[in-house]
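Spelled out, the chains give:
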Amino acid sequence: MLANHLKWEKNDDYETPLEAWKTILEYIPKTEKLWLPFYFNGNAESMVESLGYDVEHHNLDFFEYDLPNHLVIDNPPYANKKEVVNHLKQRNKPFALLLPLHTLERNYIYGDNNLQILIKKGKFNFLKGKAKCSPPYKACWFCWGMKDYLKTDKQFIFV
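Residues numbered from 1 in each chain as written. Predicted model: local features only at pLDDT ≥ 70, side-chain atom pairs only at ≥ 80, totals over all residues. Heavy atoms only, no water.

Trainee: Teacher, can you tell me more about helix H1 (residues 18-25) here?
Mentor: It helps to recall that an α-helix has 3.6 residues per turn; residues three or four apart then point in one direction. Buried residues of H1: Ala-20, Trp-21, Thr-23, Ile-24 and Leu-25, and no others. For H1, the elements touching its buried residues are strand S1 (33-35), helix H2 (43-49), strand S3 (71-74), strand S4 (95-100), strand S5 (115-119) and strand S8 (139-144). (Buried < 20%, exposed > 50% of the residue type's maximum accessible area, 1.4 Å probe, protein only. Helix = DSSP H or I, 4+ residues; strand = E, 2+ residues; numbered from the N terminus. Contact = heavy atoms within 4.5 Å.)

Trainee: Which parts of the structure should I look at to understand the nonpolar core?
Mentor: One broad trend across soluble globular proteins is that nonpolar side chains are buried collectively. If you look at the biggest cluster of nonpolar residues, it comprises 54 residues, and the most contacted ones within it are Trp-21, Leu-25, Ile-28, Leu-34, Ile-73, Leu-97 and Trp-141. Among the elements that make up this core, the one with the highest residue count is S8 (six residues). Ignoring sequence-local partners within four residues, the contact set of Leu-34 consists of Leu-25, Ile-28, Val-48, Tyr-53, Asp-54, Val-55, Glu-56, His-70, Leu-71 and Ile-73. (Core = buried A, V, L, I, M, F, W, Y, C linked by side-chain atoms within 4.5 Å.)

Trainee: Is there a simple way to explain the state of the cysteines in this structure?
Mentor: Each disulfide consists of one covalent bond between the sulfur atoms belonging to two cysteines. For the structure shown, the criterion picks out zero disulfides. In this model Cys-140 remains outside any disulfide bridge; the closest cysteine sulfur is found in Cys-143, 9.9 Å from its own. (Disulfide = S-S within 2.5 Å.)

Trainee: Mind showing me how you'd approach the pairing of S8 here?
Mentor: Two faces, one strand: in a regular strand the side chains alternate between the faces of the sheet. In terms of burial, S8 is a largely internal element, six of the six residues being buried. Every second residue of S8 is oriented toward a common face, with Ala-139, Trp-141 and Cys-143 on one face and Cys-140, Phe-142 and Trp-144 on the other, all of them buried. Sheet topology note: the S5/S8 ladder contains four bridges and is antiparallel. Its bridge partner lying in S8, Leu-118 is registered against Trp-141. (Pairing = 2+ DSSP bridges.)

Trainee: I keep staring at the environment of Val-159 and nothing clicks. Help me out?
Mentor: For Val-159, the position within the fold is in the segment after strand S9 (156-158). In this structure, the C-alpha to C-alpha distance between Val-159 and Phe-38, residues 121 residues apart in sequence, is 25 Å. Leave out the neighbours within four places in its chain, and Val-159 touches Thr-23, Tyr-27, Leu-118, Ile-119, Lys-120 and Lys-121.

Trainee: Even after reading the chapter, I still don't get helix H3 (residues 81-90), so can you show me in this structure?
Mentor: Turning to H3, its buried residues number three or more, namely Lys-81, Val-84, Val-85, His-87 and Leu-88. For H3, the angular spread of buried residues about the axis comes to 165°, placing them on one side. Next to the buried residues of H3 lie S3 and S4. Phi for Asn-92, located one or two positions after H3, is positive at around 55°. (Arc of directions from axis to C-beta.)

Trainee: Would you explain the packing of aromatic side chains in this entry?
Mentor: For any two aromatic rings, the description comes down to two numbers: the centre-to-centre distance and the angle of the planes. One pass over the full model with this rule turns up eight aromatic pairs. Centroid distance Trp-35 to Phe-62: 5.8 Å. Interplanar angle 40°. Geometry classified as tilted. You can see Trp-35 sitting in strand S1 and its partner Phe-62 sitting in the loop between strand S2 (54-56) and S3, a full 27 residues away along the chain. Judged by its relative accessible area of 0%, Trp-35 falls in the buried class. (Phe/Tyr/Trp six-rings, centres within 6.5 Å; stacked < 30°, edge-to-face > 60°.)

Structure, rendered in structure tokens:
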């Protein structure tokens, strides 16, 4: 059941590569329960589980359910990034979302002192079907409420 609230557009169909998962999960203990709420094609679950994590990843409406005591880490549909970020902040739910770097300029993100951005040198090669591709933007992990995991107060973390 695809979410009634979520819009998927042509630029929303990039699958998160294993390299991107490894970049953020380096900071997350394997004992942490992870919620990957944006289903896309369902492959994220096996990728993240292969790294030793307990994962919840279901094809349900993100806006209609919650998993308490789970950390949200995912690559949301960019057409809904504002709604997703605001929804997670309203729930006071720590998250790491893979978003285009230019998201930093948006009013719902700009100036938020609880926000940290994990910036990898170079660009991630996303998956589009079975082919690797480089979208026309740089994606970074936008982390909110994650200072205990990232172990720094810096807002920009270069890796």
